[in-house]
Amino acid sequence: MQLVRVALDVPLDRCFDYRVPEGVSLTAADVGVRVRVPFGLKSRIGIVVDLPAASDVGDSQLKALEEVLRDTPPLPPDWFQLCQFCARYYQVPLGEVMLSTLPAGLRRIDPPKARTPRRTASAVETTTPPALTDEQAAALAAISADPGFSAYLLHGVTGSGKTEVYLRLVERVLAAGRQVLLMVPEINLTPQLEARVSARFPDAQLVSLHSELTEAARTRHWRAAFEGSARIVLGTRLAVFTPMPELGLIVVDEEHDASFKQQDGMRYSARDVAVFRARDRDIPIVLGSATPSLESWANATDTRTPARYRLISLTERAVQSARLPAVQRVDTRLEKLQDGLSDRLLKAISERLARREQSLVFLNRRGYAPVLTCTACGWISHCRRCAANLVLHLADGRLRCHHCGFEIRVPKACPTCGNQDILPFGRGTQRLEEVLSERFPYARILRVDRDSAKSRKQWEALVERIRGDEVDILVGTQMLAKGHDFPKLTLVGVLGADAALFAADWRAPERLFAQLMQVAGRAGRAELPGEVLIQTQYPEHPLYAALVRHDYAAFANAQLKEREQAGFPPYTFQAMLRAEAPQMADAIAYLASALAWDGAAEHPEVMLYDPVPMRLARRANMERAQLLIESPSRRALQVFLTAWRDHLAAIKAPSRLRWHLEVDPYEF
DNA sequence: AGCACGCCGACT
DNA sequence: GTCGGCGTGCTC
Ligand SMILES: [Zn+2]
Ligand SMILES: [Zn+2]
């Protein structure tokens, strides 16, 4: 009797053995094949991970597999390595990793029939490569000197020509008959890079992979990569799991971006997974950014430890028209503000209007106002399901919770006392848009945030309008900061940045600096110099001082010093155990039981903190708490977590309680 | 995680 | 009398 061991998408840390039915025979080459198996009362798709000679389960309990699915070749050994690494490192069952990273069409029993893709006979306009600067040439030479594993941190400001370096590397790798994986943080950024890459390599098939693709398209693209017909895969974080038999290079663009971190299910960092993959495949990986994550910066520059990444800096402008903007601080303690806007910023906007140039006012808070209040009784718009306020969205007349999606119509009077005088408190992009249209009644104003650009299509339409010079003043959130070049934009005003300086989240300054560098990069070029005005009450703050000098390294080194003194990552390794339940007491009790584990004594290098309610203590009617785990050794942390997991699973808790572990947590 | 089985409160 | 609440246990 032949047996197979199958990984299934169930939150159980083990695989399941099945009999191979009469007339079917599997060989070692079939490890990695997908199978349909009976599980409980239903059927599921699983992946064959082994052909064991015997099972721990008695013969009578073994069921026979139902079908061997041969619509794709067996998943390859290096893909197994990748999944096994994630299972170990992120403390997730192997089956969950394997199945959840597969396109839905390949993990479902009844995938909808794939329609033949419409032929998009896009007559790609080919481009010829520009000449490289000396720096770019040196970067290219350094990275392509060794076809084996090396991680390169490519640090270069806007206009320094990182993308051109990627393209030259891609060219060489394609010429060597290998495939390339290009990763970008957001779906919004795929079309423009896709256009640029296709134009350069019209003969190499490129496929995109991101969550907005239909199930059928995603499956098709995934297959093309796996079968090798696609030579270039361009995608968001989920693309890192695409099997690519001839992979020769990985590029992670904007490597610092938080979007590479998955925030639900298996909470992996696609950038870190990509580095593992490159090492495992023995190929180079390039991490590019104008503002690298502090983890990467430390990996590349800390001289006390052997460098894990090789730093390559692009300091010259390679794009002829590129020119860094003049960044200035507007001291809002001295200037009186009108609706949150300083005279200086208003005047700068007027000048741009007169010169028919574009301005951008950056405010990272969508909606009209963060809260609605009653002046008579003190009522405030509170979400009934979360420990958070409902945000006023005047554009569609609703109060909306940004955490759970709950929404109601804006009341005409106070719900508790009937007072008609209820007022918005604070400012979001919608209100800013309104204020600006009062000040500049003849200006064409466009708001760009997640509410006005819900999909990639809507976003592209807005970008068209901006580039088509149909807009004078842009109001927007960080959506606007990423990626796009707007040639007529010469002014960026920044509002409300100070909040991040003193936020409880110790990563806030790092994010703020990256965001401001990025948004500042939107302003100006050689023929139309740019200006950035940052409204702040703390103009002497070192973060702004570094920003004015465009000095990422100074900022990063200072931050790293602070992190080291405070004992924060990357100088320590962390994991977070979170629990949520209808009652906070249950969540805390679960974490307390987790903490009370005798086995912890055998892990002296691991430090456990007391359970505490999360900052957003209730979300969608679930009360949330967390427990921080810390160790100076990544290895010790992983060993501890692996041992701890059995104890965690055995803790008795109310059925409505949910818990999860996050390794290298990003949010606190 | 699902999903079934199973044993006690308030409905027709 | 039963509908359904969720506690408990299992999945090869
Ligand atoms: Zn009131
Ligand atoms: Zn809510």
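Residues numbered from 1 in each chain as written. Chains lettered and ligands numbered in written order. Predicted model: local features only at pLDDT ≥ 70, side-chain atom pairs only at ≥ 80, totals over all residues. Heavy atoms only, no water.

Here we look at the protein's contact with DNA strand C
- Neighbouring DNA strand C are 14 residues; R14, D17, V57, Q61 and K63 lie closest to it.
- Sugar plus phosphate: this is where 52% of the atoms of DNA strand C within 4 Å of the protein reside.
- The contact in question runs from a sugar or linking oxygen of DNA strand C to an N or O atom on the backbone of D17, over 2.7 Å.
- Measuring from a phosphate oxygen of DNA strand C, one finds a side-chain N or O atom of K652 at 3.4 Å.
- Counting residues per element, the ones that place at least two in the surface near DNA strand C are β2 (16-19) and β3 (34-39).
- Looking at the surface near DNA strand C, the element that brings in the most residues is β2, giving three residues. (Near = heavy atom within 4 Å. Polar contact = N/O pair within 3.5 Å; in protein donor to acceptor, adjacent residues only side chain to side chain. Helix = DSSP H or I, 4+ residues; strand = E, 2+ residues; numbered from the N terminus.)

As for the pattern of salt bridges
- According to the stated counting rule, one finds 46 salt bridges in the structure shown.
- Residue E246 pairs with R231 through a salt bridge whose shortest N-O separation is 2.7 Å. Of the two residues, E246 is situated in the loop between β9 (232-235) and β10 (247-253) and R231 in the loop between α7 (215-227) and β9; the sequence distance between them amounts to 15 residues.
- Overall, E246 belongs to the partly exposed group, its relative accessible area being 35%.
- On the basis of relative accessible area, R231 is assigned to the buried category, the value being 17%.
- A salt bridge links R366 to D451; the nearest nitrogen and oxygen atoms lie 2.9 Å apart. Linking R366 in the loop between β16 (358-362) and β17 (371-374) with D451 in the loop between β22 (445-448) and α12 (456-467), this pair joins segments that are 85 residues apart in sequence.
- Judged by relative accessible area, which is 19%, D451 ranks as buried. (Salt bridge = Lys/Arg side-chain N within 4 Å of Asp/Glu carboxyl O. Buried < 20%, exposed > 50% of the residue type's maximum accessible area, 1.4 Å probe, protein only.)

Structural notes on the coordination of the zinc ion (ligand 1)
- Donor atoms from the polypeptide that bind the zinc ion (ligand 1) are C374 (SG), C377 (SG), C414 (SG) and C417 (SG), placed at 2.2 to 2.3 Å.
- Classification of the site at the zinc ion (ligand 1) rests on its four donor atoms, whose angles at the metal span 105 to 114°, yielding the label tetrahedral.
- All donors to the zinc ion (ligand 1) come from one chain, and their sequence spacing reads C-x2-C-x36-C-x2-C. Of this pair, C374 sits in strand β17 while C414 sits in the loop between β20 (407-409) and β21 (422-425), placing them 40 residues apart in sequence.
- Exposure remark for C374: the relative accessible area of 4% places this residue in the buried category.
- We classify C414 as buried; its relative accessible area is 4%. (Donors = N, O, S within 2.8 Å, 3.2 Å for Na, K, Ca; no water. Tetrahedral: all angles 85-135°; square planar, octahedral: opposite > 155°, others 65-115°.)

A short note on the packing of helix α16 (residues 584-595) against helix α17 (residues 634-650)
- At a minimum axis separation of 9 Å, α16 and α17 run at an interaxial angle of 135°. In terms of orientation, α16 and α17 fall into the oblique class. As for the relative orientation of α16 and α17, their crossing is right-handed in sense. Contact with α16, carried on its side by Y590, S593, A594 and L595, involves W644, H647 and L648 of α17 and no other residues of that element. (Axes fitted to C-alpha atoms, helices over the stretch in contact; angles between N-to-C directions. Parallel < 35°, antiparallel > 145°, perpendicular 65-115°, else oblique. Left-handed = near helix turned anticlockwise from the far one by under 90°. Contact = heavy atoms within 4.5 Å.)

Quick notes on the coordination of the zinc ion (ligand 2)
- Coordination sphere of the zinc ion (ligand 2), protein contribution only: C383 (SG), C386 (SG), C401 (SG) and C404 (SG), at 2.3 Å.
- Classification of the site at the zinc ion (ligand 2) rests on its four donor atoms, whose angles at the metal span 105 to 114°, yielding the label tetrahedral.

Here's the deal with the side chain of Q626
- Positionally, Q626 belongs in strand β29 (residues 622-631).
- Judged by its relative accessible area of 8%, Q626 is buried.
- Polar side-chain contacts of Q626 include one of 3.1 Å to the side chain of R578.
- Contact partners of Q626, with chain neighbours within four places excluded, come to M576, L577, R578, L591, D610, P611, V612, M614 and F668.

Some details on the protein's contact with DNA strand B
- Taken together, P11, L12, L41, K42 and R658 make up all the residues around DNA strand B.
- In DNA strand B, atoms within 4 Å of the protein come 55% from sugar and phosphate.
- Between DNA strand B and K42 there is a distance of 2.7 Å, counted from a phosphate oxygen to a side-chain nitrogen or oxygen.
- Contact distances for DNA strand B include 3.0 Å between a phosphate oxygen and a side-chain N or O atom of R658.
- Taken together, the residues of the surface near DNA strand B break down into three nonpolar, no polar and two charged. (Nonpolar A, V, L, I, M, F, W, Y, C, P; charged D, E, K, R; others polar.)

Here we look at the nonpolar core
- Grouped together as the largest cluster of nonpolar side chains are 125 residues, with contacts concentrated most on M98, I250, L516, L577, I629 and W644.
- The biggest single contributor to this core is helix α1 (residues 77-90), with nine residues.
- Leave out the neighbours within four places in its chain, and L577 touches Y590, L591, A594, A625, Q626, L627, I629, W644, L648, W659, H660 and L661.
- With 28 residues, the next largest nonpolar core counts I143, V173, I232 and L249 among its residues. (Core = buried A, V, L, I, M, F, W, Y, C linked by side-chain atoms within 4.5 Å.)

Examining the sheet that holds β3
- Ordered by their spatial adjacency, five strands build an open sheet running β2-β1-β4-β3-β5, and the pairing between neighbours is antiparallel. Two strands lie at the open edges of the sheet, namely β2 and β5 (67-69), each paired on one side alone. Mean inter-strand twist for the sheet, computed between neighbouring axes without regard to direction, equals 45°.
- The sheet contact formed by β3 and β5 spans three bridges and is antiparallel. Bridge pairing in β5 places R34 opposite L69. (Pairing = 2+ DSSP bridges.)

Quick word on the packing of aromatic side chains
- Taken as a whole and judged by the stated rule, the model has 16 aromatic pairs.
- Considering the side-chain rings of F513 and Y552, the 6.3 Å spacing of their centres and the 50° angle between planes classify their relative orientation as tilted. Here Y552 lies in helix α15 (residues 552-566) and F513 lies in helix α13 (residues 508-520), a separation of 39 residues in the sequence.
- What makes Y552 buried here is its relative accessible area of 3%.
- Each ring, one from F640 and one from W644, has its centre 5.0 Å from the other, and the planes form 35°; the classification is tilted. Separated by four residues within a single helix, F640 and W644 lie in helix α17, roughly one turn from each other.
- Through a chain of ring-to-ring contacts, the aromatic side chains of F85, Y89, Y90 and F276 assemble into a single cluster. (Phe/Tyr/Trp six-rings, centres within 6.5 Å; stacked < 30°, edge-to-face > 60°.)

Some thoughts on the UniProt feature "domain: Helicase ATP-binding" (unreviewed entry) in chain A
- Under the feature "domain: Helicase ATP-binding" (unreviewed entry), the UniProt entry names residues 143-310.
- For residues 143-310, helix accounts for 36% and strand for 20%, while the C-alpha atoms at its two ends are 9 Å apart. (UniProt positions renumbered as here; feature names shortened; annotations may be inferred.)

Examining the pairing of strand β8 (residues 206-209)
- Neither face of β8 is left uncovered, since the one carrying L206 and S208 and the one carrying V207 and L209 both have all their residues buried.
- As judged from the four bridges shared by β8 and β9, these two strands associate in the parallel manner. Looking across to β9, one finds that L206 is bridged to I232.
- Viewed along the sheet, the connection from β8 through α7 into β9 turns out right-handed. (Right-handed = clockwise from strand over helix to strand, strands pointing away.)

What about helix α8 (residues 270-281)?
- Taking 1.5 Å of rise per residue, 12 residues should cover 16 Å, and α8 covers 16 Å from first to last C-alpha, within 8% of that figure.
- In terms of burial, α8 is largely enclosed, as nine of its 12 residues are buried.
- Those residues of α8 that sit buried are A270, R271, V273, A274, V275, F276, R277, A278 and R281.
- Following α8 by one or two positions, D282 has its phi on the positive side, about 55°. (Expected span 1.5 Å × (residues − 1).)

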